[in-house]
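Fold and geometry: a report
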Amino acid sequence: RYEPTWGSLDARPLPAWFDEAKFGVFIHWGVFSVPSFGSEWFWWYWQKEKREPYVKFMEANYPPGFSYEDFGPLFTAEFFDPNQWADILKASGAKYVVLTSKHHEGFTLWGSKYSWNWNAVDVGPKRDLVAELATSVRNRTDLHFGLYHSLFEWFNPLFLEDATNAFKTRKFPTSKSLPELYEIVTKYQPEIIWSDGNGNAPDTYWNSTGFLAWLYNDSPVRDTVVTNDRWGVGSICTHGGFYTCSDRYNPGHLLPHKWENCMTIDRSSWGFRRDAQLGDYLTIEDLVKQLAETVSCGGNLLMNIGPTHDGRIAVVFEERLRQVGAWLKVNGEAIYGTKPWRTQNDTVTPGVWYTFSPKEGKVNAIFLNWPVSGTLELGEPRAKLGETQVKLAGYKELLKWVALGEKGIIIALPQLTPQQLPCQWGWTLQLTDIN
């Protein structure tokens with residue numbers, strides 16, 4: 001059994017499914033999807049920081065005295081079709097999904113008995129959005145279902161009172177935050193608890209180690225659940241399950257501990273923004289590059305979309321997800337279930353990232369630019385004459401190659417028209433019998 005100490009909890013082995021999965025989809029959805037302006041931090045920027053664009057937006061479009069709570073009934077979700085969402089998630093090639101069950105605004109997407117009249121069953125959709133998505137994902141896909149949960153809430157009076165007392169009192173975690181965590185685990189049995197928002201309070205204030213000990217010892221998901229590292233001041237990148245370290249974290253080199261790069265397709269926001277321009281969205285080339293870099297360095301990629309207040313996944317997000325799925329159909333062997341190789345990227349040709357498939361003993365070289373010369377030089381592999389074989393994923397014939405002394409290999413790529421290429425945006429060379 002695990003003790004409620006970081007020493008004991010950090011020794012728990014990460015369930016194997018998480019490292020094998022490599023790719024997940026993050027969904028930021030909540031009352032912030034109603035103004036859908038600027039950022040999911042709308043309430044904070046408008047009311048607390050009084051940032052000019054937010055203040056002007058409200059003055060121009062809403063009556064005086066309109067409060068953030070008044071957005072609640074406008075969060076309607078009338079077009080929310082959990083089966084359609086599940087089908088898009090499946091088509092993306094993702095192996096897990098993480099939904100914001102509650103963001104820093106405190107609004108829960110399930111009918112929490114600890115969030116009276118500020119939840120999706122009492123206000124707005126009048127539906128248990130968490131239950132509906134969980135059911136569809138489990139019935140229609142093989143994705144693992146996970147939930148994001150914010151520890152703190154910007155304007156909750158109990159939290160503000162505890163903060164004023166320098167967190168010597170613990171009214172908020174004992175009456176709101178912790179009961180919610182136990183509630184979502186017991187009710188929805190998520191296989192990821194993605195914690196966030198420490199409110200500048202230590203893990204002792206949140207009783208994070210106590211909750212995690214219960215989660216790992218006695219909860220219904222004790223054997224499969226995976227957690228992140230955001231459990232109070234000082235825990236990020238140090239304690240918990242996998243490390244996130246920061247948003248959009250992509251170190252570009254191998255880390256000794258399992259990590260995740262959580263990032264957004266919209267560069268500026270996690271929630272949906274009606275004011276987003278096309279250039280604000282990462283291209284499919286950007287996303288394939290992020291995936292290759294992240295996985296080669298031992299990380300998972302958690303790619304975020306923000307649905308609309310009425311429950312739609314905007315077509316630009318759907319297109320990106322389906323494009324990643326199309327790419328993974330051809331190149332998935334170089335991503336799923338792989339381990340980092342002895343080197344992560346090539347020393348001679350930039351834009352080449354390596355992964356290793358232990359079962360097949362294959363080295364995968366993912367290259368992002370198709371060379372004009374028709375040949376690709378790799379500085380890292382040590383080829384063996386008459387033994388090493390080189391394949392292009394999605395292409396039948398073996399490729400010809402020449403060894404370059406001790407280290408290095410030149411590979412002749414097939415002469416293909418754009419229509420004949422097995423995929424776009426990035427390709428995989430599979431090398432077997434490499435020293």
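Predicted model, so just to flag it, every value in this text is computed and none were measured.

**Here we look at the overall build of the chain**
Within the chain, the regular secondary structure consists of 12 helices and 14 strands. What you see for the chain is a C-alpha radius of gyration of 23 Å, in line with the 22 Å of a compact globule of 435 residues. Reported as C-alpha extents along the three principal axes, the dimensions of the chain are approximately 75 × 50 × 40 Å. In the chain, once contacts between residues fewer than 6 apart in sequence are set aside, the share between residues at least 24 apart is 70%. When the accessible surface of the chain is split by element, carbon and sulfur atoms take 52% of a total near 17,900 Å². The centroid of the 42 positive side-chain charges in the chain is displaced by 2 Å from the centroid of its 49 negative side-chain charges.

**Quick notes on the sheet that holds strand S11 (residues 389-392)**
One open sheet accounts for four strands, arranged S8-S9-S14-S11; its pairing is antiparallel. Only two strands of the sheet have a single partner each, and these edge strands are strand S8 (352-357) and S11. Here the strands of the sheet are splayed against their neighbours by 25° on average, with no regard to which way each runs. Strand direction decides the pairing type here: strand S9 (residues 362-367) and strand S14 (residues 427-432), joined by six bridges, are antiparallel. Opposite alanine 365, over in S14, you have leucine 429 as the bridge partner.

**Examining the packing of aromatic side chains**
Summed over all chains, the structure comprises 54 aromatic pairs. Seen in terms of ring centroids, tyrosine 182 and tryptophan 214 are 4.7 Å apart; in terms of plane orientation they differ by 65°. Their pairing is edge-to-face. Placement of the pair is tyrosine 182 in helix H8 (residues 171-188) and tryptophan 214 in helix H10 (residues 208-217), with a sequence separation of 32 residues. Take tryptophan 214: its relative accessible area is 21%, and that puts it in the partly exposed class. For the cation-ring pair, arginine 12 lies above tyrosine 216, with the distance from its terminal atom to the ring centre recorded as 4.0 Å. Just above the ring of tyrosine 336 sits the side chain of lysine 95; from NZ or CZ to the centre is 4.7 Å.

**Quick look at the UniProt feature "site: May be important for catalysis" (unreviewed entry) in the chain**
Feature annotation in UniProt places "site: May be important for catalysis" (unreviewed entry) on Cys262, given in this structure's numbering. Take cysteine 262: it is sitting in strand S6 (residues 259-264). Residues contacting cysteine 262, with those up to four places away along its chain left out, are Phe26, Trp194, Arg230, Ser246, Asp247, Arg248, Tyr249, Trp270 and Leu302.

**With respect to the environment of glycine 24**
Of note, glycine 24 is situated in strand S1 (residues 23-27). The exposure class assigned to glycine 24 is buried, which follows from its relative accessible area of 0%. Taking the C-alpha atoms as reference points, glycine 24 and valine 97, separated by 73 residues in sequence, lie 5.4 Å from one another. Setting aside chain neighbours within four positions, we find glycine 24 in contact with Ala94, Tyr96, Leu301, Leu302 and Met303.

**Brief notes about the domain arrangement of the chain**
Split by domain assignment, the chain resolves into domain 1 (6-334) and domain 2 (339-432). Averaged C-alpha coordinates put domain 1 and domain 2 at centres separated by 36 Å. Of the residues lining the interface, 19 residues belong to domain 1; the matching set on domain 2 comes to 21 residues. Summed over both sides, the interface between domain 1 and domain 2 buries roughly 1,700 Å², with carbon and sulfur atoms accounting for 66% of that surface. The interface formed by domain 1 and domain 2 holds two salt bridges in total. Note that lysine 362 and glutamate 333 form a salt bridge whose closest N and O atoms lie 2.7 Å from each other.

**Overview of the sheet that holds strand S13 (residues 409-412)**
With antiparallel pairing, three strands are arranged side by side in an open sheet as S10-S13-S12. Where the open sheet ends on each side, the last strands, each with one partner, are strand S10 (375-378) and strand S12 (401-403). In this sheet, adjacent strand axes meet at a mean angle of 15° when their direction is disregarded. Taken together, the four bridges between S10 and S13 define a ladder with antiparallel strand orientation. Across the sheet, threonine 375 pairs through a bridge with alanine 412, a residue of S13.

About the thresholds
- Residues numbered from 1 in each chain as written.
- Predicted model: local features only at pLDDT ≥ 70, side-chain atom pairs only at ≥ 80, totals over all residues.
- Heavy atoms only, no water.
- Helix = DSSP H or I, 4+ residues; strand = E, 2+ residues; numbered from the N terminus.
- Rg over C-alpha atoms; globule rule 2.2 N^0.38 Å.
- Contact = heavy atoms within 4.5 Å.
- Areas by Shrake-Rupley, 256 points an atom, 1.4 Å probe, with all protein chains shown as cover.
- Lys, Arg positive; Asp, Glu negative; His and termini not counted.
- Charge placed at Lys NZ, Arg CZ, Asp CG, Glu CD.
- Pairing = 2+ DSSP bridges.
- Axes fitted to C-alpha atoms, helices over the stretch in contact; angles between N-to-C directions.
- Phe/Tyr/Trp six-rings, centres within 6.5 Å; stacked < 30°, edge-to-face > 60°.
- Buried < 20%, exposed > 50% of the residue type's maximum accessible area, 1.4 Å probe, protein only.
- Lys NZ or Arg CZ within 6 Å of the ring centre and 35° of its normal.
- UniProt positions renumbered as here; feature names shortened; annotations may be inferred.
- Domains from an automatic or database assignment.
- Buried area = accessible area lost by both parts, 1.4 Å probe.
- Salt bridge = Lys/Arg side-chain N within 4 Å of Asp/Glu carboxyl O.

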